[in-house]
Amino acid sequence: SLATGAPVIVGACIRRAVNLGVVRFIVHTEHQIARLGECAQRTVYVYLDDRSPLVLGNRRLKVVGLHSDVDDSAGALEWAAAAERLLCRTPLLKTCGSPIHRIMLSGGPTDIWLNDEAPQLTAIVNAVDDALRDGCERWQVARPAVTLTPAAETSKVLVRSMPAA
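Residues numbered from 1 in each chain as written. Predicted model: local features only at pLDDT ≥ 70, side-chain atom pairs only at ≥ 80, totals over all residues. Heavy atoms only, no water.

(A) Main features of the overall build of the protein chain. Within the protein chain, the secondary structure is distributed over seven helices and five strands. Of the regular secondary structure in the protein chain, the N- to C-terminal order runs α-β-α-β-β-α-α-β-α-α-β-α. Residues classed as buried in the protein chain amount to 39% of the 165 residues present. Across the protein chain, the fraction of contacts at a sequence separation of at least 24, relative to all contacts at a separation of at least 6, is 52%. (Helix = DSSP H or I, 4+ residues; strand = E, 2+ residues; numbered from the N terminus. Buried < 20%, exposed > 50% of the residue type's maximum accessible area, 1.4 Å probe, protein only. Contact = heavy atoms within 4.5 Å.)

And the structure:
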């Protein structure tokens with residue numbers, strides 16, 4: 001996910017990532033989308049955040065999916081609500097020439113993912129599955145592939161705290 005902050009700093013981060021060969025990004029703002037379009041020398045694949053504007057008319061940016069950070073304070077229900085919010089954007093994106101085949105949901109502390117919290121994870125998976133089944137039927141869209149991950153901030157903390165090999 002691209003950092004949020006001062007446009008100059010974010011722009012420099014985007015340029016550096018593109019120059020290092022990163023080709024997949026999660027974008028949140030119009031500025032990030034514009035900057036990626038300016039820096040990309042080849043096709044860059046983007047996930048639109050649940051609040052980001054549409055990407056139209058830039059042949060170097062290809063929308064491959066939607067992303068949402070999940071506030072999991074309401075448990076599995078919040079995961080389902082986030083999946084449904086993303087899914088309801090897919091008909092418009094399809095109409096604009098960007099059919100959505102992937103959804104990525106990030107949330108919750110890393111320890112539920114690493115400490116075998118099977119009942120909690122099963123509840124999340126089942127809630128997201130139910131929301132997608134109902135939403136796909138309601139909006140007449142194909143079911144996207146789904147990735148569930150821990151929250152980005154907790155993952156960063158985990159990576160920083162891991163001992164070097």
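Past the structure itself, the notes keep going.
(B) Structural context of the pattern of salt bridges. Inspection of the entire model under this criterion finds eight salt bridges. With a shortest N-O distance of 2.6 Å, Arg 35 and Glu 38 are connected by a salt bridge. Taken as a pair, Arg 35 and Glu 38 lie in helix 2 (residues 30-39) at a separation of three residues, close to a single helical turn. For Glu 78, the salt bridge goes to Arg 85, with nearest N and O atoms at 3.5 Å. Several salt bridges share partner residues, and in doing so they unite Asp 129, Asp 130, Arg 133 and Arg 143 into one network. (Salt bridge = Lys/Arg side-chain N within 4 Å of Asp/Glu carboxyl O.)

(C) Local environment of the nonpolar core. Membership of the largest hydrophobic core comes to 33 residues, with the highest contact counts inside it found for Phe 25, Leu 36, Val 46, Leu 48 and Leu 105. Mapped by element, the contributors of at least two residues to this core are helix 1 (7-19), strand 1 (24-27), helix 2, strand 2 (44-49), strand 3 (61-70), helix 3 (76-87), strand 4 (102-107) and helix 6 (118-139). Residues within four places of Leu 105 in sequence aside, it is in contact with Ser 68, Val 70, Trp 79, Ala 82, Ala 83, Leu 86, Val 128, Thr 147, Leu 148 and Thr 149. (Core = buried A, V, L, I, M, F, W, Y, C linked by side-chain atoms within 4.5 Å.)

(D) Expanded view of the environment of Val 128. One can find Val 128 in helix 6. The buried category is assigned to Val 128, whose relative accessible area is 3%. With 49 residues separating them in the primary sequence, Val 128 and Trp 79 have C-alpha atoms 6.2 Å apart. The residues contacting Val 128, other than those within four sequence positions of it, are Trp 79, Ala 80, Ala 83, Leu 105, Val 146 and Leu 148.

(E) Geometry of the pairing of strand 3. Counting buried positions along strand 3 yields eight of ten residues, so the element is predominantly enclosed. Pairing between strand 2 and strand 3: six bridges, direction parallel. The partner of Leu 48 across the bridge, within strand 3, is Leu 66. (Pairing = 2+ DSSP bridges.)

(F) Structural detail: the packing of aromatic side chains. As enumerated under the stated definition, the model contains zero aromatic pairs in all. One residue, Arg 138, lies across the ring of Trp 139, its end atom 4.8 Å from the ring centre. (Phe/Tyr/Trp six-rings, centres within 6.5 Å; stacked < 30°, edge-to-face > 60°. Lys NZ or Arg CZ within 6 Å of the ring centre and 35° of its normal.)

(G) Geometry of the sheet that holds strand 3. Pairing within the open sheet is parallel, and its five strands lie in the order 1-2-3-4-5. Looking at which strands have only one partner, the edges of the open sheet turn out to be strand 1 and strand 5 (145-149). Going across the sheet, the axis of each strand differs from the next one's by a mean of 25°, ignoring polarity. Relative to strand 2, strand 1 runs parallel, the two being bridged by four bridges. Bridge pairing links Ile 26 to Tyr 47 in strand 2. Docked against the sheet, helix 2 engages strand 1, strand 2 and strand 3, running at close to 155° with respect to strand 1. Its contacts with the sheet put helix 3 on strand 3, strand 4 and strand 5, and the angle it makes with strand 4 is roughly 145°. (Axes fitted to C-alpha atoms, helices over the stretch in contact; angles between N-to-C directions.)

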